[in-house]
Amino acid sequence: MKKEVQLHDRHFELFLDAEAIQAKVKALAEQIRKDYDGKPLVLLCVLSGAFRFAADLARYLNDRTEIAFIKVQSYEGMMSSGLVREQLAATVSLSGKHVLLVEDIVDTGTTIRFLVEKIYQKAPASLKIATLLLKPDALKHPVQTDYVGFEIPNHFVVGYGLDYEEQGRCLNDLYVLKA
Ligand code: 5GP
């Protein structure tokens, strides 16, 4: 039987285990290191869901990497509200810097589109996007995704930073909502 967890009133079953996630994050980080070739980088983590992905990526990046945070809200429960609000502006200056935006998941693409527009207003030297998960079937907008961990079906997932009503972020594996 698959590993299961209950968060609030919902049941979730194992979708991707910690080992597979860690192997993928390491491979992405190696690609990022190679692409930036020693250039200083701002790792801009989208709170709260991307905090673990960003922390694990950071382990492999060079000593001059800056870590910054930005917070937006678009999801309510298990649904994208379609509206994005900025709750915390980028915590460092982005002007003239190479920015790597780190997201947990791209679903409809609304959040990434909003963030990309915001960040370009700060005149970075470059902007790339890393997302652990991408739901291609849910996309409503064409979005730039430079580094993608896993493409997944259009189901609600939790764990490794992603929550259901603020629970589940501490899980080391990813779980999917049971039908
Ligand atoms: P988008 O704006 O692309 O529709 O949604 C992006 C945001 O919605 C993500 O940063 C994440 O916070 C939330 N989200 C989208 N899909 C899921 C999911 O399957 N599980 C969880 N926990 N959050 C999701």
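Heads up: these notes are all about the structure in this document. (Residues numbered from 1 in each chain as written. Predicted model: local features only at pLDDT ≥ 70, side-chain atom pairs only at ≥ 80, totals over all residues. Heavy atoms only, no water.)

Turning our attention to the nonpolar core. Among the nonpolar cores identified, the biggest contains 29 residues, and Phe53, Leu100, Leu132 and Leu133 are the most heavily contacted of them. For this core, the elements supplying multiple residues, two or more each, are α1 (18-36), β3 (42-47), α2 (51-58), β6 (98-106), β7 (126-134), β8 (147-151) and β10 (174-177). Here this core gets six residues from one element, more than from any other, and that element is α1. Not counting the four nearest positions on each side in its chain, Leu100 is found in contact with Ile32, Tyr36, Leu41, Val42, Leu43, Leu44, Lys128, Ile129, Ala130 and Tyr147. (Core = buried A, V, L, I, M, F, W, Y, C linked by side-chain atoms within 4.5 Å. Buried < 20%, exposed > 50% of the residue type's maximum accessible area, 1.4 Å probe, protein only. Helix = DSSP H or I, 4+ residues; strand = E, 2+ residues; numbered from the N terminus. Contact = heavy atoms within 4.5 Å.)

For the rest of this paragraph, the subject is the packing of aromatic side chains. This structure, assessed with the given rule, holds three aromatic pairs. Ring centres 6.0 Å apart and planes at 55° place the aromatic pair Phe12 and Tyr164 in the tilted group. Separated by 152 residues along the polypeptide, Phe12 in strand β2 (residues 10-16) and Tyr164 in the loop between β9 (157-158) and β10 bring together distant segments of the chain. According to the relative accessible area criterion, Tyr164 is buried, its value standing at 8%. Look at Phe156 and Tyr164: their rings are 6.2 Å apart centre to centre, the planes differ by 80°, and that puts the pair in the edge-to-face class. Assigned by exposure class, Phe156 and Tyr164 land together as buried. The structure contains a cluster of three or more aromatic residues connected by ring pairs, namely Phe12, Phe156 and Tyr164. Lying across the ring of Phe150, Lys24 places its NZ or CZ 5.1 Å from the centre. Above the plane of the ring of Tyr36 lies Lys128, whose end atom (NZ or CZ) is 5.4 Å from the centre. (Phe/Tyr/Trp six-rings, centres within 6.5 Å; stacked < 30°, edge-to-face > 60°. Lys NZ or Arg CZ within 6 Å of the ring centre and 35° of its normal.)

This next bit is on the pattern of salt bridges. Pairs can form between side chains of opposite charge once their charged atoms are near each other. Enumeration over the complete set of coordinates arrives at eight salt bridges. For Asp173, the salt bridge goes to Lys3, with nearest N and O atoms at 2.8 Å. Within this pair, whereas Asp173 is found in the loop between β9 and β10, its partner Lys3 is found in the segment before β1 (4-7), the two being separated by 170 residues in sequence. By relative accessible area, which is 8% here, Asp173 ends up buried. The partly exposed category is assigned to Lys3, whose relative accessible area is 47%. Here Arg169 and Asp163 are joined by a salt bridge, their closest N and O atoms 3.5 Å apart. A relative accessible area of 13% places Arg169 in the buried class. Overlapping salt bridges, with partners in common, bring together Asp163, Glu166 and Arg169 in one network. (Salt bridge = Lys/Arg side-chain N within 4 Å of Asp/Glu carboxyl O.)

Turning to the pairing of β3, a few remarks are in order. Among the six residues that make up β3, five are buried, leaving the element largely enclosed by the rest of the structure. Two strands pair when backbone bridges link them, and β3 and β6 are joined in this way by four bridges, in the parallel orientation. If you follow Cys45 over to β6, its bridge partner there is Val102. (Pairing = 2+ DSSP bridges.)

Within the open sheet, the four strands sit side by side as β1-β2-β10-β9. Their pairing is antiparallel. Only two strands of the sheet have a single neighbouring strand rather than two, namely β1 and β9. By the bridge criterion, four bridges tie β1 to β2 in an arrangement that is antiparallel. Along β2, the bridge assignment pairs Val5 with Phe12.

Our next topic: α2. Restricting attention to buried positions, one finds in α2 the residues Arg52, Phe53, Ala54, Asp56 and Leu57. Looking at the buried residues of α2, the elements they touch are α1, β3, β6 and β7.

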